[in-house]
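If you want the building blocks of each chain, they are given just below.
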Amino acid sequence: MYHIFKHPLDEVSNTTIEAQGLYGSRDKLKDRSGKLDHTINFEKDIYREENKKYPRKGQIVQIEGVPMKCA
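This report concerns the structure included in the present document. (Residues numbered from 1 in each chain as written. Predicted model: local features only at pLDDT ≥ 70, side-chain atom pairs only at ≥ 80, totals over all residues. Heavy atoms only, no water.)

### Remarks on the overall build of the protein chain
- Helix and strand counts for the protein chain stand at three helices and two strands.
- Ordered by position from N to C terminus, the α and β elements of the protein chain give α-α-α-β-β.
- Going through the 71 residues of the protein chain one by one, you find that 18% of them count as buried.
- Sequence-distant contacts in the protein chain: of pairs separated by 6 or more residues, those separated by 24 or more amount to 41%. (Helix = DSSP H or I, 4+ residues; strand = E, 2+ residues; numbered from the N terminus. Buried < 20%, exposed > 50% of the residue type's maximum accessible area, 1.4 Å probe, protein only. Contact = heavy atoms within 4.5 Å.)

### Section: the side chain of Asn41
- Note that Asn41 resides in the loop between helix H2 (14–19) and helix H3 (44–51).
- The class for Asn41 is buried, based on a relative accessible area of 12%.
- Once residues within four sequence positions are removed from consideration, Asn41 is found in contact with Asp10, Glu11, Val12 and Thr16.

### Observations regarding the pairing of strand S1 (residues 60–63)
- Sheet analysis places S1 next to strand S2 (residues 66–69), joined by four bridges and oriented antiparallel. Among the inter-strand pairings, Ile60 is bridged to a residue of S2, identified as Lys69.
- What sits between S1 and S2 in their antiparallel hairpin is a turn of two residues, with Glu64 showing a positive phi close to 55 degrees. (Pairing = 2+ DSSP bridges.)

### Description of the nonpolar core
- Judged by nonpolar contacts, Val12, Ile17, Leu29, Leu36 and Ile40 together constitute the single largest core of five residues.
- In contact with Val12, not counting residues within four places along its chain, are Ile17, Leu36, Asp37, His38, Ile40 and Asn41. (Core = buried A, V, L, I, M, F, W, Y, C linked by side-chain atoms within 4.5 Å.)

### What about unusual backbone geometry?
- Phi is positive for Glu64, which is not a glycine, with a value near 55 degrees.
- Within the fold, Glu64 resides in the loop between S1 and S2.

### Focus on the pattern of salt bridges
- Counted according to the given criterion, the structure contains five salt bridges.
- Here Lys35 and Glu11 are joined by a salt bridge, their closest N and O atoms 3.8 Å apart. With a gap of 24 residues between them, Lys35 in the loop between H2 and H3 and Glu11 in the loop between helix H1 (2–5) and H2 connect regions that are remote in the sequence.
- Lys35 gets classed as partly exposed once you look at its relative accessible area, which sits at 37%.
- Classification of Glu11 by relative accessible area gives exposed; the value is 59%.
- Residue Lys53 is joined to Glu50 by a salt bridge in which the shortest nitrogen-to-oxygen separation is 2.9 Å.
- According to the relative accessible area criterion, Glu50 is partly exposed, its value standing at 31%. (Salt bridge = Lys/Arg side-chain N within 4 Å of Asp/Glu carboxyl O.)

The values reported here are purely geometric and, on their own, carry no functional implication.
What follows is the structure in structure tokens.
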């Protein structure tokens, strides 16, 4: 597919997958060529900005005075 359309497509990085919370089987994220589906990159910038608004996984936050760990 990549050679048919003759345009370069960026490889999908592990940080992009982690930022979007796409955990689990990588096989589900692959396209017909066996590579990670390049469309995952299209929302990379949106997730990068949105993730700044929320606590990180494992971070302790206070909710109604009770400490809770973000899952």
